[in-house]
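Summary of the model geometry
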Amino acid sequence: MDSFGVWFFGLFALFASFHGLVFGLEAYQSAQLSINASRGVGRQIPETLFGQFFEEINHAGAGGLWAELVSNRGFEAGGPNTPSNIDPWTIIGDYSIINVSTDRSSCFSRNIIALRMDILCDCPSGGVGVYNPGYWGMNIEQGKTYKVVFYAKSLQPISLTVSLTSSDGTQILASANIESIALPSWTKWELLLNSTGTDHSGRLQLTTTRKGVIWLDQVSAMPTDTYKGHGFRKDLFGMLADLKPRFLRFPGGCFVEGEWLRNAFRWKQTIGSWEERPGHFGDVWMYWTDDGLGYFEFLQLSEDLGAAPVWVFNNGISHNDEVDTSSIIPFVQDVLDSIEFARGPPDSEWGRVRAVMGHPEPFPLQYIAIGNEDCWKPNYRGNYLKFYNAIKDVYPDISLITNCDGSSQPLDHPADLYDFHIYTSANNMFSMAHQFDKTSRFGPKAFVSEYAVTGKDAGTGSLLAALAEGAFLIGLEKNSDVVKMASYAPLFVNSNDRRWNPDAIVFNSWQHFGTPSYWVQQFFSESSGATILPVTTLSNQSLPFIASAITRQSVTDNSYYLRIKIVNFGSNTVNLKMSLIGLGANAVNPSGSTCTTLTSTNLMDENSFATPNKVVPRPCVFTNADINMNVVISPYSFTSYDVSLSPSIEPAYKSDFTSYDVSLSPSIEPAYKSDM
């Protein structure tokens, strides 16, 4: 480089340096965050605040969390009439020598359809029969064992090969042969097949080489390694369990209502042996479910998660028709029966059914929602009161949830909780962090049972959506004196059947990942039951910025932490000075303090099967933990600081809260509004 080049380069560098300095001054903002950590100033967050909502949507259960591999296992998807729709069952072999049909010859009275195979001649050179590809392919893995159950009938000696194969049927991964004399009556067969290979899009085949007629019904295949043997797919259960939900709302949602009442969820048809369950068509989300994941399984799932069950039942109203209040009594009795099934002793009528299913101990059902999104329907209030009074007469301890929003004005009917749903844009969701700031501190508390950013801001699960939701959840934390429960929706989506976007957990037959919205929820997994502290944010400029602080006890070493959560919803970096008020010197243990942040290079970044960890929480630098500290908050980020507290001050943060419900005069209400 010549002397002119050196001179020019130096001048350019100086200009660039100056320009960068000016840009830095423009891009950085300053703020102060004061956290009052004095003893006695905090408020206990409800133990139930953050949970999950499971709806049978997007094949979340059938073909998802419920590990059954066979789709339409009872051939009932076409209804009780014949010929019936047997999709996705398909013929194997030469169509000229096999006829496949359905008839009403099943031994099961509630699902009478069976499959009939007429094999017209012996075919020793190659078998014929049927195969089932499951839900967009069966995940068959080498070394795993699969339990295959089916019922068969034949008037001639039977020769049947049952196989798990590759997606095109050319590779046998596991197989068993059945040779038997004639089976004039239905016979149950159970096989354990050990796979010698892997195909994530495999299928189940039933073939024969012998002339004759074979009837098949209730064909099931499940991996033997489901969670606790309860039928839940382990990897998806693990994703759900990692969120540490304190409650589980089920089974919907619109799935409970149905477009028409004839297709609403009916709990009595989903209990008992799986072979006897008729299944039903979910006409809201447009697919058939065998109801292997039924009322009992939802209660079992809640128990396995350590979450309180929240049972949402149909109150005689669908999207298009409804039962008049004068005729609602059979529905009322039905829900009373459902409660007895869950809570009744094993010698009660419905408790006995539960006990026979393998759970003699009652389930701790304490929360029941009377319908879903029905408040504006003509018969809702009349029906609601019938249910409310009948349930309270028998079970006064159960908390009943109305569909009507009580956040802005008092309810005109009794309730323990009111349901609040919000699907909106990212900017609106961020602003709704203050939705409950001015809500009355008297009367029923809120159950925010469905929330999510949707539309163009969300894509199929964007960082932008997650950050807005994080701010909203911080707002719920700070208003947890009037918000008792909250859950995201929807929880699961099978990537082959996206009926709704976005969702928290995406999966196919063998893979899964969490969207940014899923990872935001993990920041709140320790919040329920923690102590929330008052925080004050000061800045010379208006910042799209929200923060909260809680104290919690580590489940691993019983030490105490102060967790500070911050959402920066703006494009500027924030230089933040944080102060912990009320703590003495040496109160903080710097070596045990950690920092985690969720951000990315683009607001619309998403995770995928190819890049499942593109937007996930990552450790950040936090070496200066103390009662006063300076930190840098990245643009468009969710950051969590876990400040380790010295053992000497731990007793000050142990929970000594006792809950008393004392009725106060409305005239003093303003004094009790939250300023957390």
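Computed from a predicted structure; not experimentally measured.

A word on empty space enclosed by the protein
Vacant regions in the atomic arrangement are exposed by a probe of water-molecule size rolled over the atoms. In the structure shown here, the tally under the stated rule is six cavities of 30 Å³ or more. Taken as a whole, the largest cavity encloses approximately 100 Å³ of empty space. The wall of the largest cavity is formed by 14 residues, among which F50, G51, Q52, A486 and Q521 lie closest to the centre. It is strand β23 (residues 483–488) that provides the largest number of residues to the lining of the largest cavity, a total of three residues. The residue inventory of the lining of the largest cavity, partitioned by class, reads eight nonpolar, five polar and one charged. Roughly 60 Å³ of volume is contained in the second largest cavity. Every residue lining the second largest cavity is listed: G61, A62, G63, W66, E68, R73, Y135, T289, D290, D291, G292 and L293. Here the lining of the second largest cavity is built from residues that sort into four nonpolar, four polar and four charged.

Things to note about the state of the cysteines
A complete count under the given rule lists two disulfides for this structure. At a sulfur-sulfur separation of 2.1 Å, the disulfide partner of C375 is C404. When the S-S torsion is 100°, as for the bridge of C375 with C404, the disulfide is right-handed. Within this pair, whereas C375 is found in the loop between β19 (367–370) and α7 (380–394), its partner C404 is found in the loop between β20 (399–402) and β21 (417–424), the two being separated by 29 residues in sequence.

What to know about the pattern of salt bridges
Across all of its chains, the model carries 26 salt bridges by this definition. Salt-bridge contacts for E450 lead to R249; the nearest nitrogen and oxygen are separated by 3.0 Å. Here R249 lies in strand β15 (residues 247–250) and E450 lies in strand β22 (residues 445–453), a separation of 201 residues in the sequence. Just as E450 is buried, R249 falls in that class too. One network of salt bridges, with partners in common, ties together K147, K188, E190 and E275.

Some points on the packing of helix α5 (residues 329–343) against α7
Across the interface, α5 lies against α7 with an axial gap of 10 Å and an inter-helix angle of 35°. Handedness of the α5/α7 crossing: right-handed. Across from F331, V332, V335, L336 and I339 in α5, the residues of α7 making contact are K386, F387, A390, I391 and V394. Looking at the contact of α5 with α7 residue by residue, the classes come out as nine nonpolar, no polar and one charged.

Quick notes on the packing of aromatic side chains
This structure, assessed with the given rule, holds 37 aromatic pairs. Between F569 and Y636, the ring centres sit 6.4 Å apart and the planes meet at 85°, which makes this aromatic pair edge-to-face. Remark: Y636 occurs in the loop between β34 (628–633) and β35 (637–644) and F569 occurs in the loop between β30 (560–568) and β31 (573–581); sequence separation between them is 67 residues. With relative accessibility at 8%, the residue F569 sits in the buried group. Judged by relative accessible area, Y636 falls into the partly exposed class, the value being 26%. Stacked on the ring of W215, the Lys or Arg K153 has its end atom at 4.7 Å from the ring centre. Looking at R552, its charged tip hangs above the ring of Y561, at a distance of 5.2 Å from the centre.

Some remarks on the pairing of β15
Across the two faces of β15 the burial is the same, with F247 and R249 and L248 and F250 all buried. Both strand β3 (residues 52–53) and β15 contribute to a ladder of two bridges, which runs parallel. Within the sheet, the bridge partner assigned to F53 lies in β15 and is R249. Here β15 runs beside strand β18 (residues 308–313); their pairing, made up of four bridges, is parallel. Along β18, the bridge assignment pairs F247 with A308.

Quick notes on the confidence of the model for the protein
Chain-level statistics for the protein give a pLDDT mean of 91 and a share of 92% at 70 or above. Here residues 651–676 is modelled with pLDDT under 50, and outside its nearest four sequence neighbours on either side it reaches 37 contacts, counting other chains as well.

Re helix α6 (residues 349–356)
Inspection of α6 places W350, G351 and R354 among the buried residues, and these make up the whole buried set. In an axial view of α6, the angular spread of the buried residues amounts to 105°, which keeps them on one side of the axis. In α6, the exposed positions that point more than 90 degrees away from the buried face belong to E349 and V356. Those residues of α6 that are buried lie in contact with α4 (295–305) and α5.

Brief notes about the sheet that holds β31
Read across the sheet, four strands follow the order β28-β1-β31-β34 without closing on themselves; strand pairing throughout is mixed. The sheet is open, and its two edges are formed by β28 (535–538) and β34, each paired on a single side. Strand-to-strand twist across the sheet, computed as the mean angle between neighbouring axes with direction ignored, equals 20°. Pairing analysis gives four bridges linking strand β1 (residues 28–36) to β28, with the strands arranged antiparallel. Across the sheet, L33 pairs through a bridge with T537, a residue of β28.

Things to note about the sheet that holds strand β9 (residues 145–154)
The strand order across the open sheet formed by five strands is β5-β6-β14-β9-β12, and the pairing between neighbours is antiparallel. In this open sheet, the two strands that pair with only one neighbour each are β5 (98–103) and β12 (183–194). Averaged over neighbouring strand pairs, the angle between their axes works out to 30° when direction is ignored. Bridge analysis of β5 against strand β6 (residues 114–119) gives six bridges, and the strand direction is antiparallel. Bridging from a neighbouring strand, I98 pairs with I119 of β6.

A short note on the layout of surface pockets
Looking at the second largest pocket, its volume works out to about 720 Å³. Looking at the second largest pocket, it is lined by 27 residues, and the ones nearest its centre are W66, M222, G229, H230 and W274. Listing elements by their share of the lining of the second largest pocket, those giving two or more residues are β9, β12, β14 (212–223) and α4. The residue makeup of the lining of the second largest pocket, split by class, is eight nonpolar, eleven polar and eight charged.

Looking at the environment of P617
Residue placement: P617 occurs in the loop between β32 (594–598) and β33 (618–619). When its relative accessible area of 27% is taken as the criterion, P617 is described as partly exposed. Spatially, the C-alpha atom of P617 lies 20 Å from that of E477, the residues being 140 residues apart in sequence.

Here's the deal with the nonpolar core
With 113 residues, the main nonpolar core has F54, Y295, W311, F436, V448, F472 and F492 as its most contacted residues. Sorting elements by how many residues they give to this core places helix α9 (residues 463–478) first, with eleven residues. Excluding anything up to four places from it in sequence, W311 contacts F250, P251, F265, W267, Y295, V335, S338, L365, Y367, I368 and A369. Within the second largest apolar cluster, 37 residues are counted, among which are I113, I119, V130 and I140.

The rules behind these values
Residues numbered from 1 in each chain as written. Predicted model: local features only at pLDDT ≥ 70, side-chain atom pairs only at ≥ 80, totals over all residues. Heavy atoms only, no water. 1 Å grid on protein atoms, 1.4 Å probe; cavity = no way out; pocket = protein on both sides within 12 Å on 5 of 7 lines; lining within 4 Å. Points joined across faces, edges and corners; volume = space filled by probe spheres on them. Helix = DSSP H or I, 4+ residues; strand = E, 2+ residues; numbered from the N terminus. Nonpolar A, V, L, I, M, F, W, Y, C, P; charged D, E, K, R; others polar. Disulfide = S-S within 2.5 Å. Salt bridge = Lys/Arg side-chain N within 4 Å of Asp/Glu carboxyl O. Buried < 20%, exposed > 50% of the residue type's maximum accessible area, 1.4 Å probe, protein only. Axes fitted to C-alpha atoms, helices over the stretch in contact; angles between N-to-C directions. Left-handed = near helix turned anticlockwise from the far one by under 90°. Contact = heavy atoms within 4.5 Å. Phe/Tyr/Trp six-rings, centres within 6.5 Å; stacked < 30°, edge-to-face > 60°. Lys NZ or Arg CZ within 6 Å of the ring centre and 35° of its normal. Pairing = 2+ DSSP bridges. pLDDT = per-residue confidence, 0-100. Arc of directions from axis to C-beta. Core = buried A, V, L, I, M, F, W, Y, C linked by side-chain atoms within 4.5 Å.

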